[in-house]
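Read off the chains here:
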Amino acid sequence: MLTTVSRRYRAADGTSKTALKWVWNNSPWTRSRLDFGPRINHNAAVSTTMNSIDNANGEASAAPRPAPAIEARKLSVGYGPIPVLREIDFTVSPGEVVALLGVNGAGKTTTVRALAGELKPTSGEVWLNGRVCTAPLHRRAKDGLRLIPEERSVFMTLSTADDLRLGGQSQSRCLELFPELEKLLPRKAGLLSGGEKQMLTLARALASDPVVLLVDELSLGLAPLVFERLLLAVRAAADRGAAILLVEQHIRQALEVADRAYVLSRGQVALEGPGQEMLGRIDEIEQTYLAVAELEK
Ligand SMILES: Nc1ncnc2c1ncn2[C@@H]1O[C@H](COP(=O)(O)OP(=O)(O)OP(=O)(O)O)[C@@H](O)[C@H]1O
Ligand SMILES: [Mg+2]
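Cut-off values and rules
- Residues numbered from 1 in each chain as written.
- Chains lettered and ligands numbered in written order.
- Predicted model: local features only at pLDDT ≥ 70, side-chain atom pairs only at ≥ 80, totals over all residues.
- Near = placed C-beta within 6 Å.
- Helix = DSSP H or I, 4+ residues; strand = E, 2+ residues; numbered from the N terminus.
- Nonpolar A, V, L, I, M, F, W, Y, C, P; charged D, E, K, R; others polar.
- Pairing = 2+ DSSP bridges.
- Buried ≥ 20, exposed ≤ 12 C-beta atoms within 10 Å, placed from the backbone.
- Core = buried A, V, L, I, M, F, W, Y, C linked by C-beta atoms within 7 Å.
- Contact = placed C-beta atoms within 7 Å.
- Right-handed = clockwise from strand over helix to strand, strands pointing away.

A. Examining the site of ligand 1 more closely. Neighbouring ligand 1 are the residues Tyr-79, Ile-82, Val-84, Gly-102, Asn-104, Gly-105, Ala-106, Gly-107, Lys-108, Thr-109 and Thr-110. Of all the secondary-structure elements, those providing two or more residues to the shell around ligand 1 are strand S6 (82-92) and helix H2 (108-116). Per-element accounting of the shell around ligand 1 gives the leading share, three residues, to H2. Residues that form the shell around ligand 1 fall into these classes: four nonpolar, six polar and one charged.

Next up, the structure:
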């Protein structure tokens, strides 16, 4: 069970603020692994905007949110002549986990692929680190964008250790994030279980301290405990300063760690709001936007 703990701290402008941590079972072990140190501000030079965040009691309070690390502005994307996304707007700022929800076929993967530079917009723009971005994925990667696609991508014939090495990440950093990987280092990455592969993929992405991380269906085929473990790592990465977009079918778990969420319906943003508020309305949201009836529209 993911729960929140909070700590008051003095911000740079002298005001007192609440920092939140999501902890698994609120155990001392987990608490000891989550420090409340200063966040990395990847967008230090960019101005901030005022927004509302939830505190540990679920009450809204005004707090500055850094300018977006990634942003869709009136973004439309299609496949050939078939339009899929229609003028969607959304932002993900450093330090945020933003959940992207919607029924099958709503356009979630299309959104992620367009943000990553794999699909070209038919109109509208993607902004990365405060600039319009039209570069392909490998150039966006140089600017700190990482993508974890639906299909797990590991080097099938290499050992887990070599997979990490080829991915260019420090093995010790990956093991610091996921000590579970240590015993798997000699094993061929292609022979890892679905959960282990996903852990390896996430370790590679998080060890690079991404500015933006796009995760498509983290939970796919994972046991609930492994999923919770990975969600916790995603939350901790955001707390270190990453901007994380999380596409997820398991909406309750996603909302438990998300600062904000958007619901896509037939290629448009149908709803957006703070994660805790959406969690409080989960039944209504499921019935209205995520039910089978929505699929059949
Ligand atoms: N390569 C493609 N060519 C044509 N149409 C596509 C292609 N990929 C996706 N689509 C269509 O675009 C729409 C949105 O697909 P997308 O994969 O973005 O949905 P999704 O929200 O990720 O769904 P899911 O929850 O099932 O993963 C669907 O109607 C799908 O059939
Ligand atoms: Mg998808």
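Alright, that's what it looks like, and here's the rest.
B. How the structure looks around unusual backbone geometry. Phi at Asp-209 takes a positive value of approximately 45°, unusual for a residue other than glycine. Relative to the helices and strands, Asp-209 is located in the loop between helix H6 (194-207) and strand S11 (212-216). If you check the backbone angles, Arg-266 has positive phi at about 45° while not being a glycine. With respect to the helices and strands, Arg-266 occurs in the loop between strand S13 (260-265) and strand S14 (268-274).

C. Layout of the sheet that holds strand S5 (residues 70-79). Spatially, S6-S5-S8-S9 is the arrangement adopted by the four strands of the open sheet, whose pairing is antiparallel. Edge positions in the sheet fall to S6 and strand S9 (131-132), since each of these pairs with one other strand and no more.

D. Quick look at H2. Counting buried residues in H2 gives seven out of nine residues, a clear majority hidden from the surface. Burial in H2 covers these residues: Lys-108, Thr-110, Thr-111, Val-112, Ala-114, Leu-115 and Ala-116. Two residues or fewer past H2, Gly-117 is found with a positive phi of approximately 95°.

E. Region of interest: the nonpolar core. Formed by 74 residues in total, the largest nonpolar core has its most connected members in Val-98, Ile-244 and Leu-246. Those residues in contact with Ile-244 that sit more than four places away from it in its chain are Val-92, Glu-96, Val-97, Val-98, Leu-213, Val-215, Val-234, Ala-237 and Ala-238.

F. Representation of the environment of Gln-169 in the model. Its location among the elements puts Gln-169 in the loop between helix H4 (160-166) and helix H5 (171-177). Accessibility expressed as a C-beta count within 10 Å gives 19 for Gln-169, which makes it partly exposed. For Gln-169, the residues in contact, after removing those within four places along its chain, are Leu-164, Cys-174, Arg-204, Ala-207 and Ser-208.

G. Just the pairing of strand S12 (residues 243-247), in detail. With five of its five residues buried, S12 lies for the most part within the structure. What you see with S12 is no split at all: Ala-243, Leu-245 and Val-247 on one side and Ile-244 and Leu-246 on the other are buried throughout. Of the pairings in the sheet, the one linking strand S7 (residues 97-101) to S12 comprises four bridges and is parallel in character. Residue pairing in the sheet places Val-98 in a bridge with Leu-245 of S12. Pairing geometry for S11 and S12, over five bridges, is parallel. Following the sheet pairing, Leu-214 is matched in S12 by Leu-245. Following the chain from S11 across helix H7 (residues 224-239) to the adjacent parallel S12, one finds a crossover that is right-handed.

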